[in-house]
Amino acid sequence: MARPLVVTDCDEVLLHMVRHFRDWLGEDHGIEFLLEGDPFVQSMKRQENGNLVPEDEVWRLLQAFFDTQFGRQTEIEGAAAAIAELKRGADVVVLTNLLDRYRDGRVSQLVTHGIEVPVFTNQGPKGEAVRRIVEQYGAERAVFIDDLAQHHASAAEILPAISRLHFCGEPAIAAHVPCALKAGHAHARIDSWAEAL
């Protein structure tokens, strides 16, 4: 019988990202990034004139961050210990919405934080990727953890039997992200590993 399976996101679940992205934008690009509300649309302004950063430039900057700033990211409190505990009774994998070329860097990045797990990359909604991973592992019991409600909606549609935990470990944005539990697409909303484990 296959072990239970945990499929977890990385950014804002295992590692802080937006706080470090914000700091890097301010230090290197003269951009103020407000973490309230939608984190990427109409939240970035040029410090010199207050002009909004165009959306295409936002995505270019985000890619540049992942190209050069993996080393800035820090652990969400308790994440490494929680993953180690989960691995005692389940298979644990990371499903991250990064381009495929970042996979090896993400693996190495997680290892530096004491998290050694397989990493799968994805672009767009995660439901189909979750389905493929569950099938690959042959798991009859599985849990999906992510910080974004749209990925829970996708997983609920494609793999309704999977348990879904909405988790956002970044306090600066947790209150502002749409809640998958309230939307009916997650079974729980817990934002700390001490409670979630």
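Within each chain, residues carry numbers counting from 1 in the order of the written sequence. Reporting of local features is limited, given that this is a predicted model, to residues whose pLDDT is at least 70; pairs of side-chain atoms are given and counted only at 80 or more, and all residues count toward the totals for whole chains, interfaces and linings. Side-chain numbers come from the whole structure's heavy atoms, not from hydrogens or water.

Draft legend 1. Representation of the packing of helix α1 (residues 18-29) against helix α2 (residues 55-68). Interaxial angles span 0 to 180 degrees and are taken between N-to-C directions of axes, which are lines fitted to C-alpha atoms, for helices over the stretch in contact. Put simply, DSSP marks the helices as runs of H or I at least four residues long and the strands as runs of E at least two long, and each gets a number from the N terminus on. At a minimum axis distance of 11 Å, the contact between α1 and α2 shows a crossing angle of 100 degrees. Viewed along their axes, α1 and α2 adopt a mutual orientation that is roughly perpendicular. Contacts from H20, F21, W24, L25 and H29 of α1 reach α2 at L61, L62, A64, F65 and T68. Residue polarity is assigned by list, with Asp, Glu, Lys and Arg as charged and Ala, Val, Leu, Ile, Met, Phe, Trp, Tyr, Cys and Pro as nonpolar; anything else, Gly included, falls into the polar class. Looking at the contact of α1 with α2, its residues break down into seven nonpolar, three polar and no charged. Here roughly perpendicular refers to angles of 65 to 115 degrees, roughly parallel to angles under 35, roughly antiparallel to angles over 145, and oblique to all remaining angles. Contact definition: two residues touch when any of their heavy atoms are within 4.5 Å.

Draft legend 2. Seen up close, α2. The end-to-end C-alpha distance of α2 is 20 Å, a good match for the 20 Å that 14 residues give at a rise of 1.5 Å each. Only protein chains enter the accessibility calculation, which uses a 1.4 Å probe; a residue is then buried when its area is under 20% of its type maximum, exposed when over 50%, and partly exposed in between. Regarding α2, the residues found buried are E57, V58, L61, L62, F65 and F66. Packed against the buried residues of α2 are α1, β2 (31-33), β3 (44-46) and α4 (103-112). What a helix is expected to span follows from its residue count: subtract one and scale by 1.5 Å.

Draft legend 3. Highlighting the side chain of D11. Within the fold, D11 resides in the loop between β1 (5-8) and α1. Separated by 2.8 Å, the side chains of D11 and Q73 make a polar contact. Each residue touching D11, except ones within four places of it in the same chain, is listed here: M17, F66, Q73, R106 and D147. Distance and chemistry together define a polar contact, namely a pair of N or O atoms within 3.5 Å, with one atom able to donate a hydrogen and the other to accept it when in protein, and with adjacent residues in sequence counting only for side-chain atoms on both sides.

Draft legend 4. The arrangement of the sheet that holds strand β5 (residues 119-121) in detail. Only strands that DSSP links by at least two bridges are regarded as paired with each other. Pairing within the open sheet is parallel, and its six strands lie in the order β5-β4-β1-β6-β7-β8. Two strands close off the open sheet at either side, each with one partner strand: β5 and β8 (188-189). In this sheet, strand β4 (residues 91-96) lies alongside β1 in parallel orientation, the contact comprising four bridges. What sits directly across from V7, in β4, is V93. In the packing of helix α6 (residues 149-158) onto the sheet, contacts are made with β6 (142-146) and β7 (163-166), and the angle to β7 comes to roughly 175 degrees.

So far we have only geometry, and geometry alone does not tell us how the molecule works.
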